[in-house]
Amino acid sequence: MNKQPADKVLVVDDDFRTRFLSRAALEPAGFEVTDVASGKETLELLDSYTPDLILLDVLMPGMDGFQTCRAIRNHPTGADIPVLMMTGLDDMETITDAYEAGATDFLVKPVQWPILPRKAAFIIRSSRTNKALKESEERHKSFFEHNQSVMLLIDPADGGII
């Protein structure tokens with residue numbers, strides 16, 4: 001029986017307790033968790049490690065979560081990694097800034113820890129589905145754009161030429 005590799009989650013938070021609680025919520029649900037305390041460490045790690053999801057704190061000293069998220073999106077391996085931002089700030093400006101920085105979604109602290117594994121699994125699954133759809137669209141687009149053959153499409157419902 002082939003065992004699927006565990007989904008990899010990178011937790012980025014300057015608070016040790018949040019990293020600990022994230023690990024405690026995710027690992028029993030089958031996730032492989034790596035954690036770092038800063039945006040700088042995140043970018044260094046992305047040179048050799050590609051997680052399936054990044055759980056990112058907003059308020060961190062030095063490089064905050066918004067700056068880190070933008071840097072992740074500009075990193076060669078980070079453009080397609082879903083980023084779930086965590087914040088104790090649930091005002092509209094913070095939420096808007098998170099999405100504008102490239103966040104996939106956000107969680108408001110205090111985090112409901114039993115929900116985290118489910119939310120992580122959903123985001124990873126959605127990300128993979130979107131990536132597969134995008135690749136399929138590119139293949140089909142390429143087929144039609146680069147094919148020199150004459151094509152005729154017929155509507156199966158009424159036999160009309162499309």
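Preceding this section is the structure that the text describes.
Residues numbered from 1 in each chain as written. Predicted model: local features only at pLDDT ≥ 70, side-chain atom pairs only at ≥ 80, totals over all residues. Heavy atoms only, no water.

1. Describing the packing of aromatic side chains
This structure, assessed with the given rule, holds two aromatic pairs. On the basis of an interplanar angle of 75 degrees and a centroid distance of 5.8 Å, the ring pair of Tyr99 and Phe106 is categorised as edge-to-face. (Phe/Tyr/Trp six-rings, centres within 6.5 Å; stacked < 30°, edge-to-face > 60°.)

2. Here's the deal with the sheet that holds strand 5 (residues 105-108)
What the five strands build is an open sheet, ordered 2-1-3-4-5; its pairing is parallel. Of all strands in the sheet, those with a lone pairing partner are strand 2 (32-36) and strand 5, marking the two edges. Direction aside, neighbouring strands of the sheet carry axes that sit 20 degrees apart on average. Sheet analysis places strand 3 (residues 53-57) next to strand 4 (residues 83-87), joined by four bridges and oriented parallel. Across the sheet, Ile54 pairs through a bridge with Val83, a residue of strand 4. Sheet strands in contact with helix 1 (residues 16-26) are strand 1 (8-12), strand 2, strand 3 and strand 4, and its direction is about 175 degrees off that of strand 2. (Pairing = 2+ DSSP bridges. Helix = DSSP H or I, 4+ residues; strand = E, 2+ residues; numbered from the N terminus. Axes fitted to C-alpha atoms, helices over the stretch in contact; angles between N-to-C directions. Contact = heavy atoms within 4.5 Å.)

3. Regarding the side chain of Arg19
Considering the arrangement of structural elements, one finds Arg19 in helix 1. By relative accessible area, which is 13% here, Arg19 ends up buried. Looking at Arg19, its side chain comes within polar contact range of the side chain of Asp35, at 3.1 Å. (Buried < 20%, exposed > 50% of the residue type's maximum accessible area, 1.4 Å probe, protein only. Polar contact = N/O pair within 3.5 Å; in protein donor to acceptor, adjacent residues only side chain to side chain.)

4. With respect to the layout of surface pockets
Considered as a void within the structure, the largest pocket measures approximately 540 Å³ in volume. Lining the largest pocket are 21 residues, and of these Asp80, Ile81, Pro82, Ser127 and Lys131 lie nearest its centre. Sorting elements by how many residues they give to the lining of the largest pocket places helix 5 (residues 116-145) first, with ten residues. Classifying every residue of the lining of the largest pocket by side-chain character gives seven nonpolar, six polar and eight charged. (1 Å grid on protein atoms, 1.4 Å probe; cavity = no way out; pocket = protein on both sides within 12 Å on 5 of 7 lines; lining within 4 Å. Points joined across faces, edges and corners; volume = space filled by probe spheres on them. Nonpolar A, V, L, I, M, F, W, Y, C, P; charged D, E, K, R; others polar.)

5. What to know about the pairing of strand 1
In terms of residue burial, strand 1 counts as a mostly covered element, since four of its five residues are buried. In terms of strand pairing, strand 1 meets strand 2 through five bridges, oriented parallel. Along strand 2, the bridge assignment pairs Val11 with Asp35. In this view, the connection linking strand 1 to its parallel neighbour strand 2 by way of helix 1 has right-handed handedness. Bridging between strand 1 and strand 3 involves four bridges; their strand directions are parallel. (Right-handed = clockwise from strand over helix to strand, strands pointing away.)

6. Thoughts on helix 1
Of all the positions in helix 1, only Thr18, Arg19, Ser22, Ala25 and Leu26 are classed as buried. Angularly, the buried residues of helix 1 cover 130 degrees about the axis, an arc narrow enough to put them on a single face. Turned more than 90 degrees away from the buried face of helix 1 sit Phe16, Arg17 and Phe20, all of them exposed. (Arc of directions from axis to C-beta.)

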